[in-house]
Amino acid sequence: ETHGEHLVCLSRNHTGFSRLTHALTALHRDTPPLEDLCSLLDGATILLVDDPGLLRRVAGATALRDYPPQLWAGLTGPVRAMISTATELGLPLVALPEIVGLHRADYFIHRVLRAIDQNSDLARLPPKQTAHADALFPSPRALRDRFSICPEALDATLRIARQCQNDIPRGLIFPRYETPVPSADLLRRLALQGAEERYGELSETVLQRLDYELGIITEKGFADYFLVVRDIVSRASRICGRGSGAASLVAYSLGITNVDPVRHNLYFERFLNRERKDPPDIDIDFAWDERDAIIEQVMEDHGRPRCAMVCNHIHFKPRSALREVAKVHGIPDGEIAQIRKRLSGLARAEGESPFSRRFYPYKNTAHPLEAPWPEILATAARITGFPRHLGVHPGGLVITPDPLYNHVPVETAPKGVPIITWEKDGAEEAGFVKIDLLGNRSLAVVRDAIANVKANGLPFDQRTWDPLCDPATIDLLASGRSMGVFYVESPAMRQLQRKTRRGDFEHLVIHSSIIRPAANRFITKYVERLRGAPYDPLHPLLDRLLSETYGIMCYQEDVSKVAIALAGFTSGEGDALRKVLSKKNRETLLPAYQDRFFRGAAAKGVAGPVIEEIWRMILSFDGYSFCKPHSASFAMVSFQSAYLKAHYPAEFMAAVISNRGGFYTALAYISEAQRLGLTPLPPDVNRSELAYTGQDRTLRVGLMAIANLRAATVDRLLSQRRDGGPFTSLDDFGQRVEPTASDLEALVGAGALDGIAGGRSRPQQLWHGLLQRPEQPRRRQASMDDLFERPDPVMPQVHAPTREERQRSMFAQLGFLCEGHPLQFYDTWIRRIPRLVPATDIPLHAGAEVRVVGWPVTRKTILTRSGDPMQFVSFEDRSAIFETVLFPEINEKYGDAVGELHPFLITGTVQEEQGAIYVVVTRV
C-alpha cells in the first residue's frame, strides 16, 4: 500500500517470493507508485487489483515486460466499473472480499487499531480508514450470493490458491569466506596456530577436542561462519565473546572468545552438536564506542545490499495498550493518570498486578469503574501483545552471499540502519546465520584504564596479565568491594559475594549465573551448602553432574545434562528441552517433554518422588538464565575490572565514570573513589582532558562532566591547548577559545577557570569573561547568548562567595562534590538528630533498631508472590554505602519518596543474613 492505493501480490513459488521481497524492499525505501513496482515482478507472481484506475496503469506497465505477472481484476463485490474495465482489458475476475477478523466483535478492535495508527479518536475516524462491519464476516453462502452476478470470480480464488505452491528452501544463508584453499582447511590451520599461541605445546586433550569440534563444524558447513567472525573481532581493541559459543575451543583458539573451555570445563554440546539443526550463535561484545564503526566497516566490506540488522517486533505492553485505547476514546492525559493510579491501589488490594492481562477485565462491584473505562480495560486486554512497530535488535547482524532483498524484505530503521523485517526467531528459522555484535561499556573501561596506566608511565604487559590468580583481586571480590566492577557491582551481587566470601574465578562463574531469575530461588540453599551444610543429593548421577554447584542446577546446560543422564535423552533432545523452557508457547510444547522425561527416568530406576523434584528444578529455568560459557565470559571481564580496581584504583575509577556505565551515578562513584583514599580534583581548563583521568591517588574530573558546556567549545579548548600550550590568563583563554556566555557560566560554576583567574572570585571571572567577548551581531532569533547582555565595562562590587556557595555552584554543574559530600549542605539539620549511627557502624547493631542518615544511590522494585511491590534501596552517608529493604506496607508509605535526591533519616532494624547486612526500614 502506498499513496492511498493498494494491491495484493501473491507468490506462486520461491522465485515469486524473491520478487515479492524485492518489491517490498523498494516500497519501504522509496514508496514509488505501485505500477512502478511491477517492473520488479514477473510471471512467478500474481497481482490482484480492485481499483479501475490503478488496474489500467498496472496493465500498461506490465504489458512492456516479456514475462509479466499474472494480473487479475479483484472484486470486493459486484462493482460494475471493475467488471467493465476488466472486460475492456481482457483480464479475468477474482473475488477479493476484505475480511479483517474471524468474529464480529473484532470489528471494534479493528477500528481501535486504525484510530491508534491514524492518531485519531474513534469519533473522528474517517469511514474509509475502516472496513464495514457487515462485510467483514461473510459466510460461504453470503459470499456466493454476493458474487452471484459473476460466479467465475469466486471460482477463480480456488484456481489461484492451487497455483501458489511456495516451497521455501530451508538451508543456511551465509556468504562463503573468500580464500584460495577450502575454508575448512584454512579453519583447521588457523585453529591449530591459535591454540599453540594460547597453550604453547599442545596436549593430547587439546588436540582431541580441537579435532572433535572441527569435525562437527565442518560437517555442519560452518567453517565460513567462524572465519568471518574471526575477521570481525580482529578489528576491535577488546572483545568479549560470550554466549554458548564461549564453550568452543576453536573459537578460543581463533581469538573470538577469551575463556579457556578446557581449563574451565565448558560444555561444547550446549553450543553445537550433531543433532542440532540451528546455525551457531556467537555473541560478541565490543567496547560500546567502537561497535557502530565496526558494524559500518563490516557492511562496507561485505557490501551494503548484503548486510542488515535483525529487527525486533515491538508489541503493545499492558501500560501502553491502556494509554493508547484511552486516548482514542478521547480521554485526557490527566484522567488516564488518575485511573492508572486508582487501578494500582485496587489491584494491590486484591494481590494482583495492575497492568496485567488478568486484571484488565476488572469487575469489582465494590469499586465500579465509570463508563467508558470497563470497555477501555477490556479492549486494552485484547490488544496487549499485538504488534505495534519494528525496532532494531540490540546486536543481530545478518550477511548474505547475494542481495538481502532476494530473501527477506528490508527497510531502514529510524536510526538509519537497514533492518530485515523478521525478528531473530523467524530469521533463524529461514536459515539466516545471525551474528550478535553488541556494545559493552565495561570493555571500554578496561581499555581506557590500561591506556591511562600506560600514559602514567607504569609498566603493564597484557600478554602476561593473569588476574584470575591475583590474591588482591580475589580478596576484593570476596569482600564485595566491587562497585564499578563489571557485572558484580549491583547490591544483590555484592551481598552474595559477602555471603559466600568466595572471590575465585570458579565461584564467580557460579554467582554470575545463580543471581539470574531462573536460579536465584536456590541461593540460600547454595550458600548453606557452600559453607559446609550437609545435604543428600537427589540422585547419585546428579551428585556427579552438579558437584561444582553443590547439587543445584545453575546453568542452562544443566537441564540438558540431567535429561541425558537421568532420562536417556539424546544431545539434541536435551538441547530441545532446554530451548522449550524459554519459549512463549512452552505450555503447549512442554507436556510431551515432561512425559518423555518421566518415562525415561522411571525406566532407569529413578524413584517417582525424585523424578518430580528434579522436574520442579528443571521448570525453574522457565525464566532468564545463563549457560556456563556465557557466565564464564562475563566473569573474565569482571576479573579484569577487579584487578584494575585493586591495583590502579585512580585510573580504574576515572575510566568507570568516563564511560558512563555501571549501576550507579557519578556521585556514587566519586564517593567510592573517596572511600578508596583517592582525592577528586575539580575540572581545570589546563589540566582536564575530555574524560576523567587518574594518577597516583588523584582523580581529575574531565570536561565532559560540566553541564551545559558545548561539545564544540570543548573540542576547541583541547585543540588550542594541544597546539598553543596552556592558557595563561582569562584573556588568553577568551581570545583563543571564544566561549559563549553559557559556556563561561558553566566553566566558572564548575571552578574550571580558577587556575587562570589571577585571584578573581567566580562572579568576577564571569564578569571579566563577558567583558572580553567580542561584539556579536544581533541575531533575528533569540539564542542563549541573548540572555546575557554585555555588561557595563566598569566591574561592579561583587561579594566573594563563601565556601558553601562555591560548593553549591560546583554541585549544580557537576552533580557531585570534589571535596566532601552533598550531605554537608544539611549538617545543621543532621547535628540535631539524636542517637545517629554512621553507616560504617551499622554491622555493630545487628538485631537492634538504628537511625541513620542516607543519600539515595540506587533502588530496585520487585513484586512479592502476592503481587505487592517492595523495594531494595541503597543509601550512602559520608562513611559507607548501606542496603535497606522496604517491605510492601512500608513501601506503600515511603516508596515514591526515596527516589528523590535528598538526604533521608531512616529508622529500621539491622538484619544479618549469611554475612550480609541490611536495614529493614520501619520509617523514613
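The shown structure was predicted, so the numbers you read here are calculated from the model rather than taken from an experiment.

1. Describing the overall build of the chain
Along its length, the chain carries 37 helices and 19 strands. Once the C-alpha set of the chain is aligned to its principal axes, its extents read approximately 95 × 85 × 75 Å. In the chain, buried positions account for 51% of the 924 residues. Expressed as a percentage of contacts within the chain between residues at least 6 apart in sequence, the contacts between residues at least 24 apart total 67%.

2. Some points on the sheet that holds strand E1 (residues 8-11)
Pairing within the open sheet is mixed, and its 4 strands lie in the order E1-E2-E3-E4. Each edge of the open sheet carries a strand with a single partner, namely E1 and strand E4 (93-95). When strand polarity is set aside, the average angle formed by the axes of neighbouring strands in this sheet is 35°. Contacting E1, strand E2 (45-49), strand E3 (70-75) and E4, helix H8 (residues 151-163) crosses the sheet at an angle of about 85° to E4.

3. Quick word on the confidence of the model for the chain
With 92% of its residues at a pLDDT of at least 70, the chain reaches an overall mean of 88. Note that residues 357-362 has pLDDT below 50 and, in this model, 25 contacts with residues that lie over four places away or in other chains.

4. Considerations on the packing of helix H19 (residues 471-478) against helix H28 (residues 628-647)
Where H19 meets H28, the closest approach of the two axes is 8 Å, and the angle between their N-to-C directions is 105°. In this view, H19 runs roughly perpendicular relative to H28, as classed from their interaxial angle. Along the contact surface, H19 presents Ala472, Thr473, Ile474, Leu476 and Leu477, while H28 presents Phe639, Ala642, Tyr643, Lys645, Ala646 and His647. Residues of the contact of H19 with H28, tallied by class, amount to 8 nonpolar, 2 polar and 1 charged.

5. Notes on the pattern of salt bridges
A complete count under the given rule lists 45 salt bridges for this structure. A salt bridge links Arg808 to Glu804, with the nearest nitrogen and oxygen atoms 3.0 Å apart. Taken together, the residues Arg808 and Glu804, both in helix H35 (residues 803-814) and 4 residues apart, mark about one turn of the helix. One network of salt bridges, with partners in common, ties together Asp281, Glu428, Lys434 and Asp436.

6. Details of the pairing of strand E16 (residues 869-876)
For a regular strand, side-chain orientation follows a simple rule: the groups alternate between the two sheet faces. The buried fraction of E16 is high, at 7 of 8 residues. Pairing analysis gives 8 bridges linking strand E15 (residues 849-863) to E16, with the strands arranged antiparallel. Residue Arg859 lies in a different strand from E16, and its bridge partner there is Val873. Counting the residues in the hairpin turn of E15 and E16 gives 5 residues, including Gly867, whose phi is positive at 90°.

7. Section: the packing of helix H21 (residues 505-514) against H28
Running from N to C, H21 and H28 point in directions that differ by 120°, and their axes come no closer than 8 Å. Judged by the twist between their axes, the crossing of H21 over H28 is right-handed. Where H21 abuts H28, its residues Phe505, Leu508, Val509, Ser512 and Ser513 lie against Lys628, Ser631, Ala632, Ala635, Met636, Ser638 and Phe639. Residues that form the contact of H21 with H28 fall into these classes: 7 nonpolar, 4 polar and 1 charged.

8. Topic: the packing of aromatic side chains
By the definition in use, this model includes 30 aromatic pairs. Here Phe626 and Phe634 contribute two aromatic rings whose centre-to-centre distance is 5.8 Å and whose plane-to-plane angle is 85°, an arrangement assigned as edge-to-face. Across the pair, exposure class does not vary: Phe626 and Phe634 are buried alike. A centroid spacing of 5.0 Å and a plane angle of 80° characterise the contact between Phe727 and Phe733, whose relative ring orientation is edge-to-face. Residue class for Phe733 comes out buried when judged on its relative accessible area of 1%. Ring pairing ties together the aromatic residues Phe174, Tyr212, Tyr225, Phe226, Phe268 and Phe271, which thus form one cluster. Between the NZ or CZ atom of Arg529 and the centre of the ring of Tyr535, over which it lies, the distance is 4.1 Å. Of note, Lys561 hangs over the ring of Tyr267, and the distance from its end group to the ring centre comes to 4.9 Å.

9. A few points about the environment of Leu443
As for its placement among the helices and strands, Leu443 is situated in helix H18 (residues 441-455). Spatially, the C-alpha atoms of Leu443 and Met704 are 20 Å apart, while their sequence positions differ by 261 residues. Residues contacting Leu443, with those up to four places away along its chain left out, are Arg238, Ile239, Cys240, Asp285, Phe286, Ala287 and Val637.

10. Focus on the sheet that holds strand E14 (residues 698-700)
In spatial order, the strands read E12-E14-E13; together these 3 strands make up an open sheet with mixed pairing. Looking along the sheet, the strands with just one partner apiece sit at the ends: strand E12 (679-681) and strand E13 (693-695). Looking at each pair of strands side by side, their axes are set apart by 25° on average, direction ignored. Summarising the sheet, E12 and E14 pair through 3 bridges and their orientation is parallel. Counted as the bridge partner of Pro680 is Leu699 from E14.

11. Brief notes about the state of the cysteines
For the structure on display, the rule yields 0 disulfides. In this structure Cys307 is not part of a disulfide, and its nearest cysteine sulfur, from Cys311, lies 17 Å away. For Cys307, a relative accessible area of 1% puts it in the buried group. Between Cys554, a free cysteine, and Cys627, which holds the nearest cysteine sulfur, the sulfur-to-sulfur gap is 11 Å.

12. Describing the pairing of E3
Of all 6 residues that make up E3, 5 are buried, and the element is covered over most of its length. Across 4 bridges, E2 lies against E3 in parallel orientation. Bridged to Leu47 within E3 is Leu71. Relative to E4, E3 runs parallel, the two being bridged by 3 bridges. Residue Ala73 lies in a different strand from E4, and its bridge partner there is Leu93.

Conventions adopted
Residues numbered from 1 in each chain as written. Predicted model: local features only at pLDDT ≥ 70, side-chain atom pairs only at ≥ 80, totals over all residues. Heavy atoms only, no water. Helix = DSSP H or I, 4+ residues; strand = E, 2+ residues; numbered from the N terminus. Buried < 20%, exposed > 50% of the residue type's maximum accessible area, 1.4 Å probe, protein only. Contact = heavy atoms within 4.5 Å. Pairing = 2+ DSSP bridges. Axes fitted to C-alpha atoms, helices over the stretch in contact; angles between N-to-C directions. pLDDT = per-residue confidence, 0-100. Parallel < 35°, antiparallel > 145°, perpendicular 65-115°, else oblique. Nonpolar A, V, L, I, M, F, W, Y, C, P; charged D, E, K, R; others polar. Salt bridge = Lys/Arg side-chain N within 4 Å of Asp/Glu carboxyl O. Left-handed = near helix turned anticlockwise from the far one by under 90°. Phe/Tyr/Trp six-rings, centres within 6.5 Å; stacked < 30°, edge-to-face > 60°. Lys NZ or Arg CZ within 6 Å of the ring centre and 35° of its normal. Disulfide = S-S within 2.5 Å.

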